[in-house]
Every structure is written in structure tokens, then in C-alpha cells.
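What follows is each chain in one-letter form.
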Amino acid sequence: MRATFVTFLTFTLWAATLKGVVSMPLGAIIGDGSPENKAKITESLEIANKQIKNMDAVNNGPNSQAHPAVIKAFGKNANVDAIRANVGRLATEKIKIPHTDPVNGVTQGATRIMPPGQKAEVSFGHVFYGSNAHVRAGTIIHEAAHAIHGAVDHFDANGNPHPQGSVFDKATAKVGYKDSHLDELKEKHSENMHHNADSYRVFGEECPEARELFERALEENDLEIRSHLVRRAGKACAYRPRGKGQAHTSKAAKTEARFARKSAKKAAKAARIAKKAAKAAAPVHHAKPITKKAGARRPAHRKQ
């Protein structure tokens, strides 16, 4: 009973928080160039916005610092207030893409910092346009982090960010990319990882469905199903390490099967009620009694 109450209380608080979050999507001012590439940007921007909403949901949830997606992207000692503010800006501001033609010398994406008062300019390379929509979405989030809130790619040996436009020795710098020094930087300098552009890309990749599950929970009347959706949403962005073991897998499978059975029963019950209501509302046609007309009586045959 206590566990149910705690889950319900958590759901109520989180639902209230979500309802209080009003944000416009990340936008883009797109210039001239290839119409096909513009369509690719638009397609990926939609995915990026979905991920940003999910990131926003995690940031505004209970104890976001301990959330597996936050730890995966920023480390165990992340500055969640700064992350929340930065994601909030991603969710409301626009990036400028002057043209949609691939830029020579750029593989995925690049951001050009402009003088004060002017928007940074984002451009993409041939690898970006040749990637799938989800990879492109991650690149858009990465470059938007550069353009909107000044995130960086490089850190010094003490984990301090090299500001955009500054001169430093790249040979000794730590690179915050997922496939470079991100794990090392998270382990040693987690408190500074809100400055790292690629951490926001990783955060987005780890949050595919949290908000959708919570929206379903908000509409669900059955407390048990609602509680299940809340628990799933809380773990939706979780990084799942390999080798969890058969017991864990079996337990998860049983929970999912139980949830599926309950949902199926609920759907079947609703169908029966609807069928019964439709039958009751249908007009009743009474058959008219069949009456025989009086006629001449057939004479009886006698044996001779």
C-alpha cells in the first residue's frame, strides 16, 4: 500500500511539473540550397525536438541528477540546474542555417560563432546529409548546443572548458565527444559537463520515449496501469548495461506480460460494453402475426 501511495505521489508531482512546462520547439532559420537537404533537416529537426521534450521531462522529474540518462551524458555529479536551463533554451530558441549545401571540410556539422548581436551560423557536411534521420537529429542537437548556449568540444587537463573562439593546444586538450574522452571527463569532471556539446546529443539519444509514456499515464484511469506507465517512463531514458542476468530479464518480461494481459482485458471489457450499448440502442422490429384468410373448404374424399 505504501509503495502504491509513493508511486501515486511521485506521479502527481511529476504530472503537475509536466503540465507547468510550456515550451515551443527548437526552430531553424533555413536559407537557400538543396531542397532535398532542406527536407532532411526538417525531418531530423522533428526527431530532435521529440528528444528535447523527453530531456525536459527528465530534467523536471524527481531527483534528475540520479537519472541514468543524466549520468550517461554528464556523469554522477552533474550540474542539473545548468543542464535544465540549457535544455530549456534548446526547447525555445532557433538556430540559423544559411544554406543547405554540404560544406567542404565539414563532415557532420560545424558552428561559426558570430560577433555579439548576431546569430551563430550552423552548417552541415556531406556525412550529415548521408546519415539516417536519427544521427542527423543528434548532430542538430550538438550544433544547437554550440550555437544557443555556447557549449564547447574541448577541455583542458583540469576539466575546464576552452571557451569558443579561444586559442589552445588541441594536442593536449580533452575532446568531449562520445567516441573520444567523454567517459574520462564524466568520471573526473562531471560538474563541468554541462558545458559539453556532445553530452546533450547523448542525453537526447538516451531519452526516446519518456514523455510519451507520461502523457499516456495522465490519460489512464486504471491506477495499476498508470503506476506501471509511470515506472516505465522513469526508466525510459535509462542506459541498460549488458549482462543484467536472466533473473532481471525474466522479471521484466513477466511485468510486461502482466501489463499486456491487463490492458487486453480492459480493451475486451470496453468492447463488450460498447456492443451491449449499441444493441440496446438499436430499434426493435416486431414481426406482424401471420393470419390465414378464410377460403373455400376443400371437400373430403370418401372411399367408394
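Up top you'll find the structure we're talking about.
An account of the accompanying structure is given in this report. (Residues numbered from 1 in each chain as written. Predicted model: local features only at pLDDT ≥ 70, side-chain atom pairs only at ≥ 80, totals over all residues. Heavy atoms only, no water.)

### A word on the overall build of the protein chain
At step 1: Regarding its fold elements, the protein chain presents eleven helices and six strands.
At step 2: For the protein chain, with 304 residues in total, the buried portion stands at 38%.
At step 3: Partitioning the contacts of the protein chain with sequence separation of at least 6, the portion at a separation of at least 24 is 67%.
At step 4: As displayed, the protein chain offers around 19100 Å² of accessible surface, 55% of which is attributable to carbon and sulfur atoms. (Helix = DSSP H or I, 4+ residues; strand = E, 2+ residues; numbered from the N terminus. Buried < 20%, exposed > 50% of the residue type's maximum accessible area, 1.4 Å probe, protein only. Contact = heavy atoms within 4.5 Å. Areas by Shrake-Rupley, 256 points an atom, 1.4 Å probe, with all protein chains shown as cover.)

### What about the packing of aromatic side chains?
At step 1: Under the criterion given, the structure shown has five aromatic pairs.
At step 2: On the basis of an interplanar angle of 75° and a centroid distance of 5.1 Å, the ring pair of Phe 74 and Tyr 200 is categorised as edge-to-face. Here the residue Phe 74 occupies a position in helix H3 (residues 68–74), and Tyr 200 occupies one in helix H8 (residues 197–205), the gap between them amounting to 126 residues.
At step 3: Phe 74 sits in the buried class, given a relative accessible area of 0%.
At step 4: Judged by its relative accessible area of 0%, Tyr 200 is buried.
At step 5: Aromatic side chains Phe 128 and Tyr 129 sit 5.1 Å apart centroid to centroid with 85° between the ring planes, which places their arrangement in the edge-to-face category.
At step 6: Taking relative accessible area as the criterion, Tyr 129 reaches 5% and is therefore assigned buried. (Phe/Tyr/Trp six-rings, centres within 6.5 Å; stacked < 30°, edge-to-face > 60°.)

### A look at helix H4 (residues 80–90)
A turn of α-helix holds 3.6 residues, and therefore any two residues three or four places apart point the same way.
At step 1: Buried residues of H4: Val 80, Ala 82, Ile 83, Asn 86, Val 87 and Leu 90, and no others. Down the axis of H4, the buried set is contained in an arc of 155°. They therefore lie on one face.
At step 2: Its buried side turned inward, H4 meets helix H2 (35–59), H3, helix H6 (133–149) and H8. (Arc of directions from axis to C-beta.)

### A word on the pattern of salt bridges
At step 1: Considering all chains together, one arrives at eleven salt bridges under this definition.
At step 2: A salt bridge links Glu 121 to Lys 96, with the nearest nitrogen and oxygen atoms 3.8 Å apart. Taken as a pair, Glu 121 in strand E4 (residues 121–124) and Lys 96 in strand E2 (residues 94–99) lie far apart in primary sequence, 25 residues in all.
At step 3: Overall, the relative accessible area of 18% leaves Glu 121 in the buried class.
At step 4: Note on Lys 96: relative accessible area 30%, which makes it partly exposed.
At step 5: In this structure, Lys 174 and Glu 184 form a salt bridge, with 3.3 Å as the shortest nitrogen-oxygen distance. Residue Lys 174 is found in strand E6 (residues 174–175), and its partner Glu 184 is found in helix H7 (residues 182–189); the two are separated by ten residues along the sequence.
At step 6: The class of Glu 184 is partly exposed, set by a relative accessible area of 28%.
At step 7: Through salt bridges that share partners, Lys 178, Asp 198, Arg 201 and Glu 205 make up one connected network. (Salt bridge = Lys/Arg side-chain N within 4 Å of Asp/Glu carboxyl O.)

### Section: the nonpolar core
At step 1: One finds Phe 74, Tyr 200 and Phe 203 to be the most contacted residues of the largest nonpolar core, which totals 41 residues.
At step 2: Among all residues touching Phe 203, those that are not within four sequence positions of it are Met 55, Val 58, Asn 59, Ala 69, Val 70, Ala 73, Phe 74, Ile 83 and Val 87. (Core = buried A, V, L, I, M, F, W, Y, C linked by side-chain atoms within 4.5 Å.)

### So, the layout of surface pockets
At step 1: One number sums up the size of the largest pocket: a volume of about 780 Å³.
At step 2: In terms of lining, the largest pocket is formed by 31 residues, of which the most central are His 142, Glu 143, His 146, Asp 153 and Tyr 177.
At step 3: At the level of elements, strand E3 (109–112), H6 and H8 are the ones that each hand at least two residues to the lining of the largest pocket.
At step 4: For the lining of the largest pocket, the leading source of residues is H6, giving five residues.
At step 5: Taken together, the residues of the lining of the largest pocket sort by class into ten nonpolar, 13 polar and eight charged. (1 Å grid on protein atoms, 1.4 Å probe; cavity = no way out; pocket = protein on both sides within 12 Å on 5 of 7 lines; lining within 4 Å. Points joined across faces, edges and corners; volume = space filled by probe spheres on them. Nonpolar A, V, L, I, M, F, W, Y, C, P; charged D, E, K, R; others polar.)

### Here's the deal with the side chain of His 142
At step 1: Tracing the sequence through the fold places His 142 in helix H6.
At step 2: A distance of 3.1 Å separates polar atoms of two side chains, one belonging to His 142 and the other to His 146.
At step 3: Side chain to side chain, His 142 and Asp 153 meet in a polar contact 3.2 Å long.
At step 4: In this view, His 142 contacts Asp 153, Tyr 177, Ala 197, Asp 198 and Arg 201; residues no more than four positions away in its chain are not counted. (Polar contact = N/O pair within 3.5 Å; in protein donor to acceptor, adjacent residues only side chain to side chain.)

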